[in-house]
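# Summary of structural features
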Amino acid sequence: MKRIFLATASLAAVATIALPALAGPRGGGQGPGMMKDRMEAMDTDGDGNITKAEVDAHRAMMFSAIDIDQDGKVSEAEMTAHHEAMMAQKRTQRQAEMFKRMDTDGDGTISAEEFTSKPNRMFDRFDKDGNGVIAIDEIPDRKAGFRGMRGDMPPPPPPEDE
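Starting afresh in each chain, residues are numbered from 1 along the sequence in its written order. Reporting of local features is limited, given that this is a predicted model, to residues whose pLDDT is at least 70; pairs of side-chain atoms are given and counted only at 80 or more, and all residues count toward the totals for whole chains, interfaces and linings. Note that water and hydrogens are dropped before the side-chain values are worked out from all heavy atoms of the structure.

## As for the overall build of the protein
Along its length, the protein carries six helices and zero strands. Helix and strand assignments come from DSSP, with helices taken as H or I runs of at least 4 residues and strands as E runs of at least 2, each series counted from the N terminus. Order of helices (α) and strands (β) in the protein, N terminus to C terminus: α-α-α-α-α-α. When each of the 162 residues of the protein is scored for burial, the buried share is 23%. Counting only contacts in the protein whose residues sit at least 6 apart along the sequence, the fraction spanning at least 24 positions is 33%. As presented, the protein carries roughly 12,200 Å² of accessible surface, and 59% of it is formed by carbon and sulfur atoms. For every residue, the accessible area obtained with a 1.4 Å probe (protein chains only) is divided by the maximum for its type, and the residue is called buried under 20%, exposed over 50%, and partly exposed between those limits. By definition in these notes, contact holds between two residues if any of their heavy atoms fall within 4.5 Å. Every accessible area reported is derived by Shrake-Rupley at a probe size of 1.4 Å, with residue values counting cover from the shown protein chains alone.

## Section: helix H3 (residues 52–66)
What a helix is expected to span follows from its residue count: subtract one and scale by 1.5 Å. A rise of 1.5 Å per residue sets the reference length of H3, with its 15 residues, at 21 Å; its end C-alpha atoms lie 21 Å apart and thus fit the reference within 8%. Of the residues making up H3, those classed as buried are Glu54, His58, Met62, Ala65 and Ile66. One face of H3 carries all of its buried residues, which in axial projection span an arc of 110°. Across H3 from its buried face, at more than 90 degrees, point the exposed residues Lys52 and Ala53. Taken from the helix axis, the directions to the C-beta atoms give the arc we talk about.

## Quick word on the pattern of salt bridges
One side-chain nitrogen of Lys or Arg within 4 Å of one carboxyl oxygen of Asp or Glu is enough to make a salt bridge. Under the definition given, this model contains two salt bridges. Between Lys36 and Glu40 there is a salt bridge, with its nearest N and O atoms 3.7 Å apart. Here Glu40 and Lys36 lie together in helix H2 (residues 34–42), a separation of four residues that amounts to about one turn. According to the relative accessible area criterion, Glu40 is partly exposed, its value standing at 37%.

## Looking at unusual backbone geometry
A positive phi is found at Gln70, a non-glycine position, where the angle reads about 50°. Its location among the elements puts Gln70 in the loop between H3 and helix H4 (76–102).

## Some remarks on the confidence of the model for the protein
Summary of the metric used: pLDDT quantifies the predictor's per-residue confidence within the range 0 to 100. Of the residues in the protein, 67% have a pLDDT of 70 or more, and the chain-wide mean is 77. For the protein, the element scoring lowest by mean pLDDT is helix H1 (residues 2–23), at 47; H4 scores highest, at 94.

## A closer look at a nonpolar patch on the surface
Together, Met35, Met39 and Ile50 give the surface a local cluster of nonpolar side chains, amounting to about 250 Å² of exposed area. Turning to its location among the elements, Met35 is positioned in helix H2. Two distance rules govern patches: like charges are joined within 9 Å, and nonpolar side chains (Val, Leu, Ile, Met, Phe, Trp, Tyr) within 5 Å, applied only to residues with over 30% relative accessible area and no salt bridge.

In structure tokens, the structure reads:
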């Protein structure tokens, strides 16, 4: 019961305190503006400069948000809850962005026409010769992983033993 409470409290605290600070003006998370957004969020007086005191205050706020039971220590459970909350927020943002892209008329729903009218990029990636048919030899080896299917990214390295 205590673990459930801690996890729930962690998610709530991170969502209400830490994530808006990380998000910055552009929604944060990924992309070329990520670092600038995070730095701007730390510039609390808005003077265009970040002092050590502002960085220290930001770090203290983040620590406090992760340390749900406020015992001055971050447990593995608290860190896990923080990480899961951040991943959930990113997933929610990606889903909202995808919905917005698919809802081309902006009416808040996706019609069958809107759903099927988008080019199928996955099909196009597999159909390497562009003939409109996916041959078995065009499908990447599962062992190589989907990261390498475009040919421009090697598969990830195997995990290192600890």
